[in-house]
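What follows is each chain in one-letter form.
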Amino acid sequence: MDHPSPHVLLFPLPIQSPINSMLHLAELFCLAGLQVTFLNTNHNQKLLLRHTNVESRFRQYPRFRFRTISDGLPEENPRSSVQFGELISSLQAVAEPFLREILLSSSSDGVTEPPVTCVIPDGLFYYAVDIGNEIGVPVIPFDTISPCCLWVYLCIPKLIQAEEIPFKAGMQGLLRRRDFPFYRLIDYATDPYCQIALKEVESIPRSNGLILNTFEDLDGPLLSLIRSHCQQTYAIGPLHLHLKTKLAEKRMPISASSNSLWEEDHSSIQWLDAQPIESVIYVSFGSMATLSKEEILEFWHGLVNSGIRFLWVMRSNLLRGEESNHQFVKELSEGCKERAYIVSWAPQEKVLAHSAIGGFLTHSGWNSTMESIVQGKPMICWAVYVDQRVTSRFVGEVWKIGVDMKDICDRYIIEKMVKDLMVTNRDEFKKSAEKLSNLAKESVGDGGSSYNALQCLVDDVKKLGR
Ligand code: UDP
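Residues numbered from 1 in each chain as written. Predicted model: local features only at pLDDT ≥ 70, side-chain atom pairs only at ≥ 80, totals over all residues.

Comments concerning the overall build of the protein chain
A count of helices and strands for the protein chain gives 18 helices and 13 strands. For the C-alpha atoms alone, the extent of the protein chain along its principal axes is close to 65 × 55 × 50 Å. Relative to its full complement of 466 residues, the protein chain shows a buried share of 47%. Considering only contacts within the protein chain whose residues lie at least 6 apart along the sequence, 70% involve residues at least 24 apart. (Helix = DSSP H or I, 4+ residues; strand = E, 2+ residues; numbered from the N terminus. Buried ≥ 20, exposed ≤ 12 C-beta atoms within 10 Å, placed from the backbone. Contact = placed C-beta atoms within 7 Å.)

Points about the packing of helix 6 (residues 147-161) against helix 15 (residues 387-398)
Where helix 6 meets helix 15, the closest approach of the two axes is 8 Å, and the angle between their N-to-C directions is 120°. Relative to helix 15, the element helix 6 lies oblique. The hand of the helix 6/helix 15 crossing is right-handed. The residues of helix 15 that touch helix 6, namely those facing C148, C149 and V152, are D387, V390, T391 and F394. In terms of residue class, the contact of helix 6 with helix 15 is made up of five nonpolar, one polar and one charged. (Axes fitted to C-alpha atoms, helices over the stretch in contact; angles between N-to-C directions. Parallel < 35°, antiparallel > 145°, perpendicular 65-115°, else oblique. Left-handed = near helix turned anticlockwise from the far one by under 90°. Nonpolar A, V, L, I, M, F, W, Y, C, P; charged D, E, K, R; others polar.)

Section: the site of the ligand
Taken together, 19 residues surround the ligand, and among them S17, G286, S287, G365 and S368 come closest. For the shell around the ligand, the secondary structure elements donating two or more residues are helix 1 (16-31), helix 13 (348-353) and helix 14 (366-375). Top contributing element to the shell around the ligand by residue count: helix 14, with four residues. Across the shell around the ligand, the residue classes break down as six nonpolar, eleven polar and two charged. (Near = placed C-beta within 6 Å.)

Concerning the sheet that holds strand 6 (residues 210-212)
Pairing is parallel across the open sheet formed by three strands, whose spatial order is 5-6-7. Edge positions in the sheet fall to strand 5 (142-143) and strand 7 (233-235), since each of these pairs with one other strand and no more. As judged from the three bridges shared by strand 6 and strand 7, these two strands associate in the parallel manner. The partner of I211 across the bridge, within strand 7, is Y234. Relative to the sheet, helix 18 (residues 449-463) contacts strand 6 and strand 7, its axis offset from that of strand 7 by approximately 135°. (Pairing = 2+ DSSP bridges.)

Observations concerning unusual backbone geometry
Here the amide bond leading from G237 into P238 is cis, since omega sits at -5°, within 30 degrees of zero. As for its placement among the helices and strands, P238 is situated in the loop between strand 7 and helix 9 (239-249). The phi dihedral of E278 is positive, around 50°, even though this residue is not glycine. Using a count of 16 C-beta atoms within 10 Å as the deciding quantity, one classes E278 as partly exposed.

Regarding the pairing of strand 4 (residues 118-121)
By the alternation rule, side chains of strand 4 split into C118 and I120 and V119 and P121, which are all buried. Pairing of strand 1 (residues 7-11) with strand 4 involves four bridges; the strand directions are parallel. Bridged to V8 within strand 4 is C118.

Description of the sheet that holds strand 1
If you trace the four strands from one edge of the open sheet to the other, you get 3-2-1-4, paired in parallel fashion. Since the sheet does not close on itself, it has two edges, and those belong to strand 3 (64-69) and strand 4, each with one partner. On average, each strand axis in the sheet is tilted by 20° relative to the strand beside it, whichever way the strands run. Sheet analysis places strand 2 (residues 35-41) next to strand 3, joined by six bridges and oriented parallel. For T37, the partnering residue across the bridge sits in strand 3 and is R65. Where helix 1 meets the sheet, it contacts strand 1, strand 2 and strand 3, and its direction lies at approximately 165° from that of strand 2.

Quick look at the nonpolar core
Membership of the largest hydrophobic core comes to 126 residues, with the highest contact counts inside it found for L10 and I380. Beyond its immediate sequence surroundings of up to four residues, I380 is in contact with G359, L361, G402, V403, M405, M417, V418 and L421. (Core = buried A, V, L, I, M, F, W, Y, C linked by C-beta atoms within 7 Å.)

A look at the pairing of strand 8 (residues 280-284)
In terms of burial, strand 8 is largely enclosed, as five of its five residues are buried. The alternating pattern of strand 8 places V280, Y282 and S284 on one face and I281 and V283 on the opposite face, and all of these are buried. Pairing of strand 8 with strand 9 (residues 309-313) involves four bridges; the strand directions are parallel. Along strand 9, the bridge assignment pairs V280 with R309. Where the polypeptide runs from strand 8 across helix 11 (residues 293-306) and back to strand 9, its parallel neighbour, the crossover connection is right-handed. Both strand 8 and strand 11 (residues 357-362) contribute to a ladder of five bridges, which runs parallel. Considered in strand 11, the bridge of S284 is made with T362. (Right-handed = clockwise from strand over helix to strand, strands pointing away.)

Structure, rendered in structure tokens:
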């Protein structure tokens, strides 16, 4: 029997990609008729409302609410230079008492809403699992990193036990030392991010399930391994495509569904409209990675020397250690106006869907990877940290939909790889990328694996009561 009023509390990490994925999930839950509360930080909520139509978009769902909390940092802190670990722990100090209070109260806002019956926090918020268990509210974490990296996390305790970590020379197998999320670390025991990942891994068996943004045809073998740790693992991705498909099914508008914390520059689409089919490589390093001036110049020269047109997202805070890269970017773009276009933030899903785009030079963030797979665009991967390092290996070696440049930043290699992807081996890469794209589409269509998994998740959430 259904619980009278299933009410889900979604709590994303306070950064762009998980906010994006959790909003997609929130809307899918709304379409399934669930009561949904989306917990955002004050800072990100302001940015979201400033740069998107999210408020009016969600107004059509009367059972949806945003709630906000402080991230624990002073209001005037610009956040752009805050270490990720610092942000996570300052938020934890605010979130723990908030979660206790909201889960203990008989209504979520004290007046109109029924109590929360299920919490869906980001996987890194391991403490939400303990709070839920303590109060008796089910928790199903949503791990927004790549499943291949989650698998590495799950293996870390065993690797430590076997004294494989800290690394010995000569690790064998698919993953090399440089593919590991924390390969630079000498001491796993004291690294704060590794400690959070380990706590997350420990919390998984105590949770009521696990949500992943992937699909069976992409990650089937890994999902079987992950299920040995958490039987109830729901693979419901690619989420952005899943949402679009459901909206189309219900004949609801799907245009302009940005969740961006930055203002999107739509002139990138006009520029692409004027370029030949599959002639442009899209270059973006996501929302957080920073590059040194030397690295930006290596990429720039490699791209220019390849002779291939490119569209590059240079966020205002892309240049490491600088407040703004305005002057630097201006000087660069003056030098190659006819073949290059620079924006500070792009409507990425639309860019990747554009027929002028033939490939993607990416930092292998999980959202970017899924968005590229959906559009069947081959990738050059330049991984910066954490899951990107594992994902880029899978792109090159397992899925074979691109090349893994890993952490090498050399203009000659960049030039060679751009030519390889866009010209020399274009047909081969395109064929495998398009094959995966079709499988992604099938997975979210009626009866597909992700479609069924979402149905199962919604049914389970409805059953979870207090
Ligand atoms: N993104 C965007 N415009 C840009 C750059 C990125 O909309 O100019 C979006 C992109 O579509 C993706 C997210 O930002 O959904 C970046 O997530 P990802 O996991 O790839 O990288 P992260 O930012 O977490 O490193």
